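Topology and contacts: notes
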Amino acid sequence: MLRSKKLWTLLIAVGIISGVVVLERCSPGKEDAARVSVNKYIGDASCQSCHKAEYDSWLTSDHFRAMQPADENTVLGDFNNATYTADGVTSKFFRKGGKYFINTQGPDGDNHDYEILYTFGYKPLQQYLVAFPGGRLQATRQSWDTEKKKWFHQYAGQKIPAHDWMHWTANAQNWNTMCSRCHSTDLQKNYDLNTDTYHTTYSTMTVSCESCHGPGEKHLEYVNSKSYKNGKKIVGSFLETGKESSQMAVINTCAPCHARAGEISPHKLTSPELLDNYIPELPTTAHFYADGQMRDEDYNYTSFLQSKMFRRGVSCIDCHEPHSGKVYQIDNQLCMRCHEDKYDMPSHTFHAVNTTGALCKSCHMPAETYMGNDVRHDHFFRAPRPDLTVKYGMPNACNQCHSDKSAQWAANAVEKWYGPVRPAHFAEDLILASREDSATIKHVIKLVSDTANAEIVKAAGLYYLRNIVDPQSAGLLTKELGNSSAQIRYQALRSLSNFPPETWINQVLPLMSDKVRAVRIAAADLLLTVPSSRIPSAFQSAFASAKNELQQYILYQTDFAMGNIMAGDYYLRQNDFRSSQFFYERALKKDDQLNEARLNLSVVYSSLGKNKEALEVLQQALKVQPKNDRIYFNLALLYNELNEKGKAESSLDEAAKLNSQNPRVYYNYGLMLQQRGMMEAATRQLQKAVELAPEDGDLNYALCWIYFQTGKMEKAKEVARKLRRINPGNPTYEQLARQLGL
């Protein structure tokens, strides 16, 4: 019984991580070949003669300074034999032969001299790039605060050992993978999986005109043509974004770098749909607070799409001058360009004029600090809700300033000023949906059915149905597969991954030919483990094409540690154990703290008959995370396979003590206790399992059977009736019901 559930449980536990990893070496599918841009990049100098004002404005921007060669005009840091000591590392900054150097801790733990080749960023901090073997560029941890004029450490207070993934010489600080796409124009990563090397290229080193407007060859040919000079106008003038672009065209121009998102493929499709090329994160608890506020380094796209300003047609360039990147006016004057003056008065702000509390952004755009000193404002533009802090613990703008006061104090003030009733907002339903309990479906229905809610909010609601495996959730998710929004279709597919194929297969099959690439990929991923015999011949060609896109998506970032886990998962789901072993082991070489890789690697080793290696890798995992209940569960499964029942039971007990949220922990523990005749203890474990997964047939059947065995007939009958509802006509359930006289 334990062994039969092992692979399934681990796949559910790890799954496919949404939105971050994809493959570089494959070619685009035939359907997409015509949509891949054949226009060429020609460089910013070609724009200057016709667009001098815009060009000069761009020269003042942070975009222009995103990445530059290190020289006396670009380096802002103190390299005059300055030293800086923090977190156990002493670094020296100096110049030699007109070049810039840093002496700091290298990958071996010793200090070495490293030449600075490029500056990276401009304000409020500037980092520096160092070349390493294999075409890698690495960003230094030592950063220059351009306002305070001093060196500082990002991740202050953390002593990061030389072998750690977060060390400046390692994967997390690798320019090619983590940074380059948003700091250069026409970036081609060109990663070689076989040699683990890069040949990264770009058309312009920094963020130039063509980063936003697209390649300019056809535009230049057009404006130099006779037809243009004779007055023949073409809408857009062969530019991807221009003066007449729609709201979403503008937002999607900014989104690739101002969203927390993953690339789908190096082969960009010429498409107005963002999800043809990128998969943005949703405002879920994976990276945001439960109410949708930014928590991690989440950038602006997902926040802004939640806002009322977005619903009213506002875009990025209504506030930010597109070429300089600067806001049109300072502080409240910017907001007053659209809003009535009454909002800039104490009768609305309840703060004295010209104070921080009277600034619109203080209340409607609370800030977080990232990268050590980079203060960024949330672009969700909401009214402060300290009442949600009182009820649910969400942050609020009032207490960000008034940190010496309670949330209840702030809530009372808001009620005094604006009355006892808060306007309806999706935040509360999003919070309650995130609990993934019996009430989740009710709140998701409210989120999805409210036409005032943004697509990205509705998609976030659907995300929380992924573990609510019941007919109502399945019905809602399959219904949304027909939604006009690619974001909603994509998330509905992702959330169906735990549902049995019979609940969705007929609706999913057509989506392998969806017009949006991310949706096709998600459909192929969902169908990956369905036996080929269940895919009708009419869909076989579409499946082959979509699966090819899925493989490109999975493997594109195998230079990234987590990318190797995704590749390992991909092959494990197809029972290709050798390939999955290769990628899991490779992930651990890039980041030896990645227990996600160890957990599934243990499954691979066991499937290959390497139980000794499986046990060793789980014991290593336990050293990294001694309080991880999943490791104990995996150990229990392995010990059971090795016929070491005592160790298996002990491991399940440890997992249960750690309050595991995996119902299979309690199910398997209950079965072991039942086999030993410990019926009361077994009953408690099975009850816990059913609490965590109320609609799971296996768990309810086991609980019903133990009630029957221990003479608790009324309880047994109650569960048997439930089993009939869960799976009507199931012969095993019917037999038990008949034994109970039903």
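Values in this document were obtained by computation on a predicted structure and should not be read as measured data.

**Some words on the sheet that holds strand E3 (residues 89-96)**
Pairing in this open sheet of four strands is antiparallel, and the strands run E2-E3-E4-E5 from one edge to the other. Two strands lie at the open edges of the sheet, namely strand E2 (82-86) and strand E5 (111-116), each paired on one side alone. When strand polarity is set aside, the average angle formed by the axes of neighbouring strands in this sheet is 20 degrees. Where strand E4 (residues 99-105) meets E5, six bridges bridge the pair, whose relative direction is antiparallel.

**Structural notes on the packing of helix H32 (residues 663-675) against helix H33 (residues 679-692)**
Look at H32 against H33: their axes get within 8 Å of each other, and the N-to-C directions meet at 160 degrees. Here H33 runs roughly antiparallel to H32, going by the angle between their axes. Considering how the two elements wind past one another, H32 and H33 form a crossing that is left-handed. Touching Pro663, Tyr666, Tyr667, Tyr669, Gly670, Leu673 and Gln674 of H32 are Met679, Ala681, Ala682, Gln685, Leu686, Lys688, Ala689 and Leu692, all from H33.

**With respect to the pairing of strand E7 (residues 125-132)**
Taken across its eight residues, E7 has seven buried, putting it largely inside the fold. Here three bridges tie strand E6 (residues 118-120) to E7, and the two strands are oriented antiparallel to one another. Bridged to Tyr118 within E7 is Leu129. Here E6 hands over to E7 after four residues, with Gly121 in that stretch at a positive phi of 90 degrees. Here two bridges tie E7 to strand E9 (residues 142-145), and the two strands are oriented antiparallel to one another. Considered in E9, the bridge of Gln126 is made with Trp144. Bridge analysis of E7 against strand E8 (residues 136-139) gives four bridges, and the strand direction is antiparallel. Bridge pairing in E8 places Phe132 opposite Arg136. Adjacent in sequence and paired antiparallel, E7 and E8 are bridged by three residues, among which Gly134 carries a positive phi angle near 80 degrees.

**A word on the packing of helix H30 (residues 629-641) against H32**
Between H30 and H32, whose axes approach to 11 Å, the crossing angle comes to 35 degrees. When you trace H30 past H32, the crossing you get is left-handed. The segment H30 lies against H32, with Phe633, Leu637 and Asn640 engaging Arg664, Val665, Asn668 and Met672. Residues of the contact of H30 with H32, tallied by class, amount to four nonpolar, two polar and one charged.

**Here's the deal with the nonpolar core**
Among the nonpolar cores identified, the biggest contains 75 residues, and Leu462, Leu493, Trp504, Leu527 and Tyr553 are the most heavily contacted of them. For this core, the element with the most residues is helix H24 (residues 517-527), which contributes eight residues. Grouped together as the second largest cluster of nonpolar side chains are 60 residues, Phe577, Val617, Ala681 and Leu736 included.

**Some details on the pattern of salt bridges**
One pass over the full model with this rule turns up 31 salt bridges. Across the pair Arg260 and Asp298 runs a salt bridge whose closest N-O atoms are separated by 3.6 Å. One end of the pair, Arg260, is in the loop between helix H9 (247-258) and strand E13 (261-263); the other, Asp298, is in the loop between strand E14 (278-280) and helix H10 (301-304), with 38 residues separating them in the sequence. Note that Lys405 is salt-bridged to Asp404, the shortest N-O span being 3.4 Å. Looking at Asp404, the relative accessible area reads 61%, which means it is exposed. Linked by salt bridges that have partners in common, Arg181, Glu263 and Lys268 make up one network.

**Describing a nonpolar patch on the surface**
On the surface, a nonpolar cluster with roughly 270 Å² of combined accessible area is contributed by Phe350, Trp417 and Tyr418. Mapped onto the elements of the fold, Trp417 is located in helix H17 (residues 407-418). With a relative accessible area of 31%, Trp417 lands in the partly exposed category.

**A short note on helix H21 (residues 471-480)**
For H21, every residue scored as buried is listed here: Ser473, Ala474, Leu476, Leu477, Thr478 and Glu480. Check the buried side of H21 and you find it contacts helix H19 (440-449), helix H20 (455-463), helix H22 (486-495) and helix H23 (505-508).

**Quick word on the environment of Leu496**
With respect to the helices, strands and loops of the structure, Leu496 is situated in the loop between H22 and H23. Once the C-alpha coordinates of Leu496 and Tyr228 are considered, the two residues, 268 residues apart in sequence, prove to be 52 Å apart. Not counting chain neighbours up to four residues away, the residues in contact with Leu496 comprise Leu477, Thr478, Leu481, Trp504 and Leu526.

**Things to note about the packing of aromatic side chains**
Applying the stated criterion across every chain yields a total of 29 aromatic pairs. The interplanar angle of 85 degrees and the centroid separation of 5.2 Å between the aromatic rings of Tyr114 and Trp168 together place this pair among those described as edge-to-face. Of the two residues, Tyr114 is situated in strand E5 and Trp168 in the loop between strand E10 (150-153) and helix H5 (175-179); the sequence distance between them amounts to 54 residues. Residue Trp168 is classed as buried on the basis of its relative accessible area, which comes to 4%. Measuring from centroid to centroid gives 6.4 Å for Trp175 and Tyr202, while their planes differ by 90 degrees, and the two rings are edge-to-face. One end of the pair, Trp175, is in helix H5; the other, Tyr202, is in the loop between strand E12 (197-198) and helix H6 (209-213), and 27 residues separate them in sequence. Put simply, the rings of Phe79, Phe93, Tyr100, Tyr128, Trp144 and Trp151 pair up and form one aromatic cluster.

**Focus on unusual backbone geometry**
Of note, the amide linkage connecting Lys123 to Pro124 takes the cis form, showing an omega dihedral of 5 degrees. Within the fold, Pro124 resides in the loop between E6 and E7. One non-glycine residue, Asp186, adopts positive backbone phi at about 55 degrees. In this fold, Asp186 is placed in the loop between H5 and strand E11 (191-192). Positive phi, normally seen in glycine, also occurs at Phe238, with a value near 65 degrees. Within the secondary structure, Phe238 sits in the loop between helix H8 (226-229) and H9.

Conventions used here
Residues numbered from 1 in each chain as written. Predicted model: local features only at pLDDT ≥ 70, side-chain atom pairs only at ≥ 80, totals over all residues. Heavy atoms only, no water. Pairing = 2+ DSSP bridges. Helix = DSSP H or I, 4+ residues; strand = E, 2+ residues; numbered from the N terminus. Axes fitted to C-alpha atoms, helices over the stretch in contact; angles between N-to-C directions. Parallel < 35°, antiparallel > 145°, perpendicular 65-115°, else oblique. Left-handed = near helix turned anticlockwise from the far one by under 90°. Contact = heavy atoms within 4.5 Å. Buried < 20%, exposed > 50% of the residue type's maximum accessible area, 1.4 Å probe, protein only. Nonpolar A, V, L, I, M, F, W, Y, C, P; charged D, E, K, R; others polar. Core = buried A, V, L, I, M, F, W, Y, C linked by side-chain atoms within 4.5 Å. Salt bridge = Lys/Arg side-chain N within 4 Å of Asp/Glu carboxyl O. Patch = residues over 30% accessible without salt bridge, like charges linked within 9 Å, V, L, I, M, F, W, Y side chains within 5 Å. Areas by Shrake-Rupley, 256 points an atom, 1.4 Å probe, with all protein chains shown as cover. Phe/Tyr/Trp six-rings, centres within 6.5 Å; stacked < 30°, edge-to-face > 60°.

No statement about biological role is implied by the geometric values presented.
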